[in-house]
Amino acid sequence: MPLIGYARVSTEDQTPLPQSEALQIAGCVEIFEEHASGGNRARPVLARVLERVQIGDTLVVVRIDRLARSLSHLLEVIESLEAKGAFFRSLQDPIDTSSPQGKFTLQVLGAAAEFERALIRERTKAGLASARAKGRVGGNPGLSAKDPVALRKVRLARQDGYMERLNETAQDWVPHVRRLRPDMAWEDVLQIINGPLPHDRRWTQSRLLRAVKAYVRDGFLPDEVLGRAGRRETDDRLPAIVAAIKGSDPDITLQAICDRLESMRERTPRGRTSWQPSSVRMLLERAERLGLLIRQMD
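All residue numbers refer to position in the chain's written sequence, counted from 1. The predicted origin of the model limits local features to residues at a pLDDT of at least 70 and limits the giving and counting of side-chain atom pairs to 80 or more, whereas totals for whole chains, interfaces and linings rest on all residues. Note: side-chain values were computed over all heavy atoms of the structure, leaving out hydrogens and water.

**Remarks on the UniProt feature "active site" (unreviewed entry) in the protein**
And step 1. UniProt positions are given in the numbering used here, feature names are shortened, and annotations may be inferred rather than shown by experiment. With numbering matched to this structure, UniProt assigns "active site" (unreviewed entry) to Ser10.
And step 2. Secondary structure follows DSSP: runs of H or I at least 4 residues long count as helices, runs of E at least 2 residues long count as strands, and numbering of each begins at the N terminus. You can see Ser10 is positioned in the loop between β1 (3-9) and α1 (17-25).
And step 3. We call two residues in contact when some of their heavy atoms are within 4.5 Å. Residues within four places of Ser10 in sequence aside, it is in contact with His35, Ala36, Ser37 and Arg69.
And step 4. Here a polar contact is taken to be a pair of N or O atoms separated by no more than 3.5 Å, where protein atoms must pair a possible hydrogen donor with a possible acceptor and residues adjacent in sequence count only if both atoms sit in side chains. One polar contact links Ser10 to Arg8, side chain to side chain, over a distance of 3.4 Å.

**Brief notes about the packing of aromatic side chains**
And step 1. Classification of ring pairs rests on two measures: the distance between centres of Phe, Tyr or Trp rings, Trp counted by its six-membered ring, which must be within 6.5 Å, and the angle between planes, read as stacked under 30 degrees, edge-to-face over 60 and tilted in between. Taken as a whole and assessed by the stated rule, the structure comprises three aromatic pairs.
And step 2. Here the aromatic rings of Trp173 and Tyr215 are separated by 5.0 Å at their centres, their planes lie at 55 degrees, and the arrangement is tilted. Within this pair, whereas Trp173 is found in helix α6 (residues 148-180), its partner Tyr215 is found in helix α8 (residues 205-217), the two being separated by 42 residues in sequence. Each member of the pair, Trp173 as well as Tyr215, carries the same accessibility label: buried.
And step 3. An angle of 55 degrees between the planes, with centres 5.0 Å apart, marks the rings of Tyr215 and Phe220 as tilted.
And step 4. Tyr215 sits in the buried class, given a relative accessible area of 2%.
And step 5. Using a relative accessible area of 43% as the deciding quantity, one classes Phe220 as partly exposed.
And step 6. Directly above the ring of Trp203 sits Arg207, whose terminal nitrogen or CZ lies 4.4 Å from the centroid. Remark: exposure states derive from per-residue accessible area (1.4 Å probe, protein chains only) relative to the maximum for the residue type, with buried under 20%, exposed over 50%, and partly exposed in between. We call a charge positioned over a ring when the NZ of a Lys or the CZ of an Arg lies within 6 Å of the ring centre and within 35 degrees of the ring normal.

**Things to note about the sheet that holds β1**
And step 1. One bridge is not enough; two strands pair if DSSP finds at least two bridges between them. Strand order in the open sheet formed by five strands is β2-β1-β3-β4-β5, with mixed pairing between adjacent strands. With one partner strand each, in any of the chains shown, β2 (30-35) and β5 (95-96) form the two edges of the open sheet.
And step 2. In this structure, β1 lies alongside β2, joined through six bridges in parallel fashion. Bridged to Arg8 within β2 is Glu34.
And step 3. Working convention: axes come from line fits to C-alpha atoms, limited for helices to the stretch in contact. Angles between N-to-C directions cover 0 to 180 degrees. Packing of α1 onto the sheet brings it into contact with β1, β2 and β3 (58-61), and relative to β1 it is tilted by some 165 degrees.
And step 4. Helix α3 (residues 71-83) rests against β3, β4 (87-90) and β5 of the sheet, and its axis sits at about 140 degrees to β4.

**Some thoughts on the pairing of β1**
And step 1. Counting buried residues along β1, seven of its seven residues qualify, which places the element largely inside the surrounding structure.
And step 2. Along β1, one buried face is formed by Leu3, Gly5, Ala7 and Val9 and the opposite face, lined by Ile4, Tyr6 and Arg8, is buried too.
And step 3. For β1 and β3, the ladder comprises three bridges, and the chain directions are parallel. Bridge assignment links Gly5 to a residue of β3, and that residue is Val60.
And step 4. For crossovers, right-handed means that the path from the first strand over the helix to the second runs clockwise, given strands pointing away from the viewer. Taking the sense of rotation as the criterion, the β-α-β connection linking β1, α1 and β2 turns out right-handed.

Structure follows, in structure tokens:
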């Protein structure tokens, strides 16, 4: 099983070299280094690593805090790896999802996170009930009086909460939007984003557009991604989609592209019941002739 290493340090004056050396000794065939805060979930290198991972690969870090600063983020990344048939290992922590012991540790962590959320909910309910029993009514007096300052604070807090939730999922959609828009229509971009995602994490077009507009507004994505997509000949649509899938993962196999197209429910060009590698190869060759795909150098 190929081991893919990820090393992270928070600032430019720090060096990831000790982590990279430990990952190399552990047998990692590829090592990705990133300078970014652990609290930022929308890390471009991490997003690229998670796109790169394939079935049977193992993502390796020296310590789990190099990957995630919160339990929820750690579990989210591991779930995305499991959805791809990949694994996760931390060299200095007892987590290796390819082993029964590691899976058990992960289950314990997940149960602890759910228990913590349940405690918070119960404490909140108890506090509200106690306040009502004492005759206190919840709510913000400023909001009740429609005070502009209070309204603005609530609006900003909601906006911050929305951006935080977006950051948790940015690795799923930001790289695709940055790479494919505005050359590809939103409908096709949406299919490519949703292809590898489990059903409970898939996007609707309206949700995706709202998220992209928020990222453009805050400068995380360029204005150009919201531009109008150019008209594309109907016969060029499938080559463009296949080229986009190949572009996001140059090492992806023809069969894996078939599986992705099946999950996207794309119809085969020759009316077959399922996608075949020969059809994908034909579309890739056509995409190259159309200038949609740059041939990978051997």
